[in-house]
Amino acid sequence: MLLVLGRRVSLSFVKRVIPQDPVLLSKPILQNFRTIKFRVIHSSTVFAIATRQNTDTMPERRPFVRLPTDVYPVNYGLCLKPDLIDFTFEGKLEAIVEVNLATNQIVMNCADIDIITASFVPEGGEGEEINATGFNYQNEDEKVTLSFPSALQKGSGTLKIDFVGELNDKMKGFYRSKYATPAGEIRYAAVTQFEATDARRAFPCWDEPAIKATFDISLIVPKDRVALSNMNVIDRKPHPEDDSLLEVKFATTPIMSTYLVAFVIGEYDFVEGQSSDGVTVRVYTPTGKAEQGKFALEVAVKTLPFYNDYFNVPYPLPKIDLIAIADFAAGAMENWGLVTYRETALLIDPKNSCSSSRQWVALVVGHELAHQWFGNLVTMEWWTHLWLNEGFASWIEYLCVDHCFPDYDIWTQFVSADYTRALDLDALDNSHPIEVNVGHPSEVDEIFDAISYSKGASVIRMLHNYIGDEDFRKGMHSYLLKFQHKNAATEDLWDCLEQASGKPIALVMSSWTKQMGFPIIVVDQEQQGDDRILKISQKKFCASGPHNGEDCPNWMVPISICTGEDPGCTKLKVLLDSPETTITINNVSPDQWVKINPGTVGFYRIQYSSAMLESLLPGIRDLTLLPVDRLGLQNDLFSLSRAGMISTVEVLKLMEAFVNEPNYTVWSDLSCNLGVLSSLLSHTDFHEEIQEFIRDLFTPIGLKLGWECKQGEGEPPGAGGHLDALLRGLVLGKLGKAGHKPTLEEARRRFKDHVEGKQILSADLRSPVYLTVLKHGDSATLDTMLKLHKQADMQEEKNRIERVLGAISAPDLIQKVLTFALSEDVRPQDTVSVIGGVAGSSKHGRKAAWKFVKDNWEELHNRYQGGFLISRLIKLSLDGFAIDKMAAEVKSFFESHHAPAAERTVQQCCENILLNAAWLKRDADDIHQYLLKRKAPPV
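Computed from a predicted model, the values in this text were never measured in an experiment. (Residues numbered from 1 in each chain as written. Predicted model: local features only at pLDDT ≥ 70, side-chain atom pairs only at ≥ 80, totals over all residues. Heavy atoms only, no water.)

1. Description of the sheet that holds strand β30 (residues 557–563)
Reading across the sheet, the three strands line up as β31-β30-β33 and stay open at both edges, with antiparallel pairing between neighbours. The two strands at the open ends of the sheet, each matched to only one other strand, are β31 (572–576) and β33 (594–596). Shown here is a sheet whose adjacent strand axes are inclined to one another by a mean of 25°, direction ignored. Relative to β33, β30 runs antiparallel, the two being bridged by three bridges. Following the sheet pairing, Ile561 is matched in β33 by Ile596. (Pairing = 2+ DSSP bridges. Helix = DSSP H or I, 4+ residues; strand = E, 2+ residues; numbered from the N terminus. Axes fitted to C-alpha atoms, helices over the stretch in contact; angles between N-to-C directions.)

2. Digging into the packing of helix α13 (residues 648–656) against helix α27 (residues 903–935)
If you want to describe how two helices pack, look at the angle between their axes and the distance between the axes. Contact geometry for α13 and α27: axes closest at 8 Å, N-to-C directions at 40°. The angle between α13 and α27 falls in the class oblique. Taking contact as the criterion, the partners of Thr648, Val649, Leu652, Lys653 and Glu656 in α13 are, on α27, Trp919, Asp923, Asp926, Ile927, Tyr930, Leu931 and Arg934. Considering only residue class, the contact of α13 with α27 consists of six nonpolar, one polar and five charged. (Parallel < 35°, antiparallel > 145°, perpendicular 65-115°, else oblique. Contact = heavy atoms within 4.5 Å. Nonpolar A, V, L, I, M, F, W, Y, C, P; charged D, E, K, R; others polar.)

3. A closer look at the sheet that holds strand β10 (residues 134–138)
Spatially, β7-β11-β10 is the arrangement adopted by the three strands of the open sheet, whose pairing is antiparallel. On the outer flanks of this sheet lie β7 (103–109) and β10, each paired with one strand and no other. Averaged over all pairs of adjacent strands, the angle between their axes in this sheet comes to 25°, without regard to strand direction. As paired strands, β10 and strand β11 (residues 143–152) are joined by five bridges and run antiparallel to one another. What sits directly across from Gln138, in β11, is Lys143.

4. Overview of the UniProt feature "binding site: Zn(2+)" (unreviewed entry) in the protein
Listed under "binding site: Zn(2+)" (unreviewed entry) in the UniProt record, and renumbered for this structure, are His367, His371 and Glu390. Across 24 residues of sequence, these annotated residues stay compact in space, with a maximum C-alpha separation of 8.6 Å. Its location among the elements puts His367 in helix α2 (residues 355–371). Judged by relative accessible area, His367 falls into the buried class, the value being 0%. (UniProt positions renumbered as here; feature names shortened; annotations may be inferred. Buried < 20%, exposed > 50% of the residue type's maximum accessible area, 1.4 Å probe, protein only.)

5. Let's talk about the packing of aromatic side chains
Aromatic ring pairs are defined here through the distance separating the ring centres and the angle between the ring planes. Counted according to the given criterion, the structure contains 45 aromatic pairs. Note that Arg176 overlies the ring of Phe87, its terminal NZ or CZ placed 4.2 Å from the centroid. The ring of Phe295 has Arg358 sitting right over it, with the charged end atom 4.6 Å from the ring centre. (Phe/Tyr/Trp six-rings, centres within 6.5 Å; stacked < 30°, edge-to-face > 60°. Lys NZ or Arg CZ within 6 Å of the ring centre and 35° of its normal.)

6. Some thoughts on the state of the cysteines
With the rule as written, the count across this model stands at zero disulfides. The cysteine Cys354 is free of any disulfide, with Cys709 supplying the nearest cysteine sulfur at 14 Å. By relative accessible area, Cys354 is classed as buried at 7%. For the unlinked cysteine Cys542, the closest cysteine sulfur is that of Cys552, found at 7.8 Å. In this structure Cys542 comes out as buried when scored by relative accessible area, which is 0%. (Disulfide = S-S within 2.5 Å.)

7. A few points about the pairing of β11
The pairing of β7 with β11 spans six bridges and is antiparallel. Residue pairing for β11: Thr103 is matched across the bridge by Leu152. Linking β10 to β11, which pair antiparallel, is a turn of four residues; within it Glu142 sits at a positive phi near 55°.

8. A look at the packing of helix α6 (residues 450–467) against helix α7 (residues 469–483)
Where α6 contacts α7, the two axes come as close as 6 Å, and the packing angle between them is 115°. In terms of axis orientation, α6 runs roughly perpendicular to α7. From α6, Ile460, Leu463, His464 and Ile467 reach across to α7, where they touch Asp469, Asp471 and Phe472. Grouping the amino acids of the contact of α6 with α7 by side-chain chemistry returns four nonpolar, one polar and two charged.

Okay, here's the thing in structure tokens:
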């Protein structure tokens, strides 16, 4: 699943919500969701600072027992008849089951469903049909026990259940999704979202990933509606009792897990293509918008053969459909053969979609299609191994996009979007290991987070680099062949990769997946003749400073080293498997620099001796360091300053060295960190000084880029055009928000022309212009923006506006935006980004948003309970605070307003608030003095 995760992204106005992918979903350009799968996040802080939580478990665990194995399903024959007017559905289940042990009861998962009748027919017809005499619902555990008057004997039989349920409005299970017809009439589609544990809301089932079966699905639907499921349609006939209905029957699925079953009933158009290996690909769009499916179709048609070749295993179904769903919590969901998406993660309008949206769609399509093999064909045995599913897909989506769009420089973007984001979260005392022992279903949603997705992807990238592509592919191939149509655990993949590479994979990787956190590598050097001697040590890195306790964990750290002679080439690789070591590099002259972790692949921070650092800094100004290494160096130092290991002033000095920087992603990461600093300093009386610093830093690149795209830019694949368009949007938005007068005046002029229809803004300029005019706007500006929102036909444009509305400054207008967030005009999944936009925009916005969340807690929690959106809402509302007493207030609020799916998020937010407060106390005066000194005329 792709979440719309809060990736660290730089446009304060970009997308990505967390938490989807499952593809937890958001970043600016790596959209600020993954939707991830959704980007606008920094890191978090603890209540009980003195205690280091290093447990593998969720807080306050509930007792949990998996389903008994005495009866298991072989095939589900399922017929569903949704009522799109009354929002109910009727269902008939005829499941072929195997009774392993004679028993007089069957325990299944079931939630929000009423069973009308249930019976069991032993195979062979000798036995009578046995009617169940009782249904005992265990609502807390989402189970039902069917009791029978006599024991069901060992062997096969058919379990028949008639049931009814509700098409809910909670974006999980079998639910209703609101849309408007081209004529403006409001209607509803019936759609599904089952991962992690919501298939049980659509039909009684064994809803655990390891209990796989085949499915024969039939849907009874209005004859003017499209009906889709995992497989192709094999029969369509009028319903005998009502000629306005059709009975649509689908082919038998392969053996699969319940969470990957899907069905959609609604009104859609589609575009169709065929991959070079013969798979029919369709992209379903809202009626009248088929054109907007073409880009995703093009990506999907290229992607299937790429994975086919990479895994050396063919895609096993005859077709794959990608469909845009109006109301959708995650970024996308990889249902086998029927992948569901938020509209913004699938639809691209050539005229009205910006470059970051195209990139986002490419990444999300790449992510979900990877799951068709890794997750669907081979499935994790239990949710403990979810990270492998999501971490792997979050890594390989970049490999796929790099193949399809080499001009996106996507691996550099990975470092800013996923790698640094994971480091920020994993430095917290309230992080968790990649592998978390999950029990109760309510615990599953909490691990759809940046650790599972972004740290998972980062350690797999490190592993791929350590093994090498050829052996990695060989190991992947044997893993998929060995476990196809079955379930596997993390260790099974390590075994296959170990056999392929001959390297100690399980030993190395368990240090990264079974313990939380990561090391800081401390490096010093001395010259001996023509040789450079490096002293390297590791200790756990914590957001509050280095770990100095007795029980300091160690990691097996793959370390690469390069020199100034050839910055792009690794001179030496070692595996650091002890707390410290000494390394000799031959033939390095005294004037050459030495750098650890070229390519920023190893998952760790680095602290160089001051002499080593000094020698690296010129490589930032003269660009001899690779972009990804310039980014990594800056990001490490920023993180060390937040942890109190160096002064923030040192980082500001370093940032000034980026004045010649041409690379979009380097600017994006720099911008993100300056955004964090700006937010921190909004608690002081010298916030304007940091705005001046931002204006000074961004003005030269702003002048160089200008407002108009150069020839060849913005016309895919125009080399460099994509990245120039992203950089222009980033820089203009940053300058506009910081109050750069020429940018503000030009933005107002262009906005006026846009609104009057004289000159429509290009899609790439809309976010920065909207942000700038709102930040420095009044009630008339806000009214105009809300009018544009109402008129927008495309969800991307609505979201673009929603994300920047919070930039408005006046308190009464901030209140108006917050009220708007809960109105009918905002789709339920997008309310979170409106409130988050307010919280992230200013000191007043932050206070107002938190008060709004508290005042409307019941409605918000009811809307998102148990899903990752509630965690995202809490994180976005709280992360900017920097006052100790706020941590206590937050803790107290959530003690009386329980949010089980967000317990860890709340702890992380409190930890972050305390870290921010400590940072401010420690460095505010020095920062202020430095900013004043910068402005002072030379003596």
